[in-house]
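Below are the chains, spelled out letter by letter.
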Amino acid sequence: MTKYRLHNRLGSGGFAVQAALTLAGIDFDYEPIASLPNDAVANKIGRLNPWGQVPVLELETGARITEVAAILGYLAQSEPTMAEGPALWVDDWPSFHRWTTFLAVNVYEAILRRSYPERFFTALEGEASDEMNAVMRAQVCDAANARCHQALLCLEEETAGHDYLLSDRLSPCDLFLAQLYAWHNPKPDLPKCTWITRQIATHAAIRPLWKQNFERFLDVKWHEM
C-alpha cells in the first residue's frame, strides 16, 4: 500500500480529495466503490466508515479519516506540496479551516438535504400519506436549495478582491468549492463561483478526473467550457 488509499465512488464527495492529491503530486491508491450517486453505499463501505459514507482516506498506519473537510485539513498540514506549491497553496490557515468547515456544514449539508430529502422528515403512513409525504419532500428540497444558495452568496462575497476563495492562488479549499458549486449549477448572481469552478474543471491535470467523475452525472459539462 502507498502512503494513502482513497475510497470513493464516481461523482461523489471524494473528488475534491482525489484532485488535491493529484495536484500536489502525492502518490495514492484509488479504491472505487461499485455504486452510482443516489445508490446506498453503506453496505459497501461500512467496514471502513460505520456512518456508511464516502470518501474514506486510509493511511499506511491503518488510521482512517472521513469527511472531506477533515481529509483536506489533514493533508494540507501534513504534506508540504498541498499547501506550499507548486500547484496548491494555503496562504491563510485560519481562513482555510473556516471556509472548508463552512463548505461542509452549510453547502454540502444543504445539498445532501436536497438530494436525500427523505432522511430529513418522518414519512407519514395511512390514508393520503403519499400526497403529504410528497409535499414534505418538496418543502425540504426547496428550503435546502435556498439555504445552499445563501451560503454560496456568502462565499461569493468572500472572494471579492482576489481570484480564489483564500487568495489569488488555488488552494484545496477551492477544489471543495468547485465540486459543491457544480452540483448547485451555475447562477448569474454567483459569477466568481462560476469562474473558479470553470478554472478547476478545465485545469489540465484535473480535467480528466472531472470528466471521469461528473460527465455522466451533471447537466453542465464544466470540463468542456
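Note that the structure is a prediction, hence the values are computed from the model and not measured.

We now examine the overall build of the protein chain. Helices and strands together make up the secondary structure of the protein chain, namely nine helices and four strands. Order of helices (α) and strands (β) in the protein chain, N terminus to C terminus: β-α-β-α-β-β-α-α-α-α-α-α-α. Seen through its principal axes, the protein chain has C-alpha atoms that stretch 60 × 40 × 35 Å. Across the 225 residues in the protein chain, those meeting the buried criterion constitute 48%. Sequence separation of at least 24 residues holds for 64% of the intrachain contacts in the protein chain that already meet a minimum separation of 6. Within the structure as shown, the protein chain displays about 10,800 Å² of accessible surface, and the carbon and sulfur contribution to it stands at 51%. Once the 20 positive and 28 negative side-chain charges of the protein chain are each reduced to a mean point, those two points are 3 Å apart.

A separate point is the environment of Trp-99. With respect to the helices and strands, the residue Trp-99 is situated in helix α5 (residues 93–115). In the structure, Trp-99 is positioned 59 residues away from Glu-158 in sequence and 9.6 Å away in space, judged by C-alpha atoms. If we ignore the near neighbours within four places in the chain, the residues touching Trp-99 are Cys-154, Leu-155, Glu-158, Leu-165, Leu-166 and Cys-173.

Using the criterion set out here, one finds zero disulfides in the structure. Its sulfur unpaired, Cys-148 is 9.8 Å from the next cysteine sulfur, which belongs to Cys-193. For Cys-148, a relative accessible area of 1% translates into the label buried.

For the rest of this paragraph, the subject is the sheet that holds strand β4 (residues 64–66). Strand order in the open sheet made by the four strands is β2-β1-β3-β4, with mixed pairing throughout. The open sheet is flanked by β2 (29–32) and β4, the only strands paired with a single partner. Neighbour-to-neighbour, the strand axes of this sheet turn through a mean angle of 20°, independent of strand direction. Across the sheet, helix α1 (residues 15–23) is in contact with β1 (4–8), β2 and β3 (56–59); its angle to β1 comes to roughly 150°. Most of the contacts of helix α3 (residues 68–78) go to β4, to which it runs at about 125°, and overall it touches β1, β3 and β4.

This structure, assessed with the given rule, holds four salt bridges. The salt bridge involving Arg-169 is made with Asp-91; its shortest N-O contact spans 2.8 Å. With a gap of 78 residues between them, Arg-169 in the loop between α6 (129–158) and α7 (172–184) and Asp-91 in the loop between α4 (80–83) and α5 connect regions that are remote in the sequence. Members of the salt-bridge network, linked through shared partners, are Arg-5, Asp-29 and Glu-31.

A few words on the nonpolar core. Among the nonpolar cores identified, the biggest contains 63 residues, and Val-107 and Trp-210 are the most heavily contacted of them. Setting aside residues up to four positions removed in sequence, Trp-210 forms contacts with Phe-15, Ala-178, Ala-182, Thr-197, Ile-200, Ala-201, Glu-215, Leu-218, Trp-222 and His-223. Listed in part, the five residues of the second largest apolar core include Ile-33, Ile-45, Val-54 and Val-56.

Next up on the list: the packing of α5 against α6. When two helices pack together, their arrangement is given by the angle between their axes and by how far apart the axes lie. Their axes nearest at 7 Å, the elements α5 and α6 cross at an angle of 155°. Here α5 is positioned roughly antiparallel relative to α6, judged by the angle of their axes. Regarding α5 and α6, the two cross each other, and that crossing is left-handed. Of the residues in α6, those touching α5 at Trp-99, Phe-102, Leu-103, Asn-106, Val-107, Ala-110, Ile-111, Arg-113 and Arg-114 are Val-140, Cys-141, Ala-144, Asn-145, Arg-147, Cys-148, Ala-151, Leu-152, Cys-154, Leu-155 and Glu-158. In terms of residue class, the contact of α5 with α6 is built from 14 nonpolar, two polar and four charged.

Reading the values: rules and limits
Residues numbered from 1 in each chain as written. Predicted model: local features only at pLDDT ≥ 70, side-chain atom pairs only at ≥ 80, totals over all residues. Heavy atoms only, no water. Helix = DSSP H or I, 4+ residues; strand = E, 2+ residues; numbered from the N terminus. Buried < 20%, exposed > 50% of the residue type's maximum accessible area, 1.4 Å probe, protein only. Contact = heavy atoms within 4.5 Å. Areas by Shrake-Rupley, 256 points an atom, 1.4 Å probe, with all protein chains shown as cover. Lys, Arg positive; Asp, Glu negative; His and termini not counted. Charge placed at Lys NZ, Arg CZ, Asp CG, Glu CD. Disulfide = S-S within 2.5 Å. Pairing = 2+ DSSP bridges. Axes fitted to C-alpha atoms, helices over the stretch in contact; angles between N-to-C directions. Salt bridge = Lys/Arg side-chain N within 4 Å of Asp/Glu carboxyl O. Core = buried A, V, L, I, M, F, W, Y, C linked by side-chain atoms within 4.5 Å. Parallel < 35°, antiparallel > 145°, perpendicular 65-115°, else oblique. Left-handed = near helix turned anticlockwise from the far one by under 90°. Nonpolar A, V, L, I, M, F, W, Y, C, P; charged D, E, K, R; others polar.

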